[in-house]
Amino acid sequence: MITHIRKQFPKCPYRKYTISEIINSIIANGFTLERFDEQPSWENEMLPGEFAAIAIKK
């Protein structure tokens, strides 16, 4: 049933960003990175999961 429902949604492009792309994007847009914390994946602690970036635009 879920597969049937998923087929009704439009296809969306999906791209994986590297940590360096994310951090460099923050800096390139005029922010000063104050803190960056990365947590492991919930399913596998050896893989990256979520992150939090705190940045200030002066």
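For the structure itself, consult the block above.
Residues numbered from 1 in each chain as written. Predicted model: local features only at pLDDT ≥ 70, side-chain atom pairs only at ≥ 80, totals over all residues. Heavy atoms only, no water.

J.: I'd love a proper account of the pattern of salt bridges, names of residues and values included.
T.: Going through the model one piece at a time under the given rule, you end up with one salt bridge. The salt bridge partner of D37 is R35, with a shortest N-O separation of 2.6 Å. A relative accessible area of 29% means that D37 is categorised as partly exposed. (Salt bridge = Lys/Arg side-chain N within 4 Å of Asp/Glu carboxyl O. Buried < 20%, exposed > 50% of the residue type's maximum accessible area, 1.4 Å probe, protein only.)

J.: Give me the packing of aromatic side chains: which residues, what numbers.
T.: All chains considered together, the criterion is met by one aromatic pair. Look at F36 and F51: their rings are 5.3 Å apart centre to centre, the planes differ by 20°, and that puts the pair in the stacked class. With F36 in strand β1 (residues 31–40) and F51 in strand β2 (residues 48–57), this pair connects stretches of sequence that are 15 residues apart. (Phe/Tyr/Trp six-rings, centres within 6.5 Å; stacked < 30°, edge-to-face > 60°. Helix = DSSP H or I, 4+ residues; strand = E, 2+ residues; numbered from the N terminus.)

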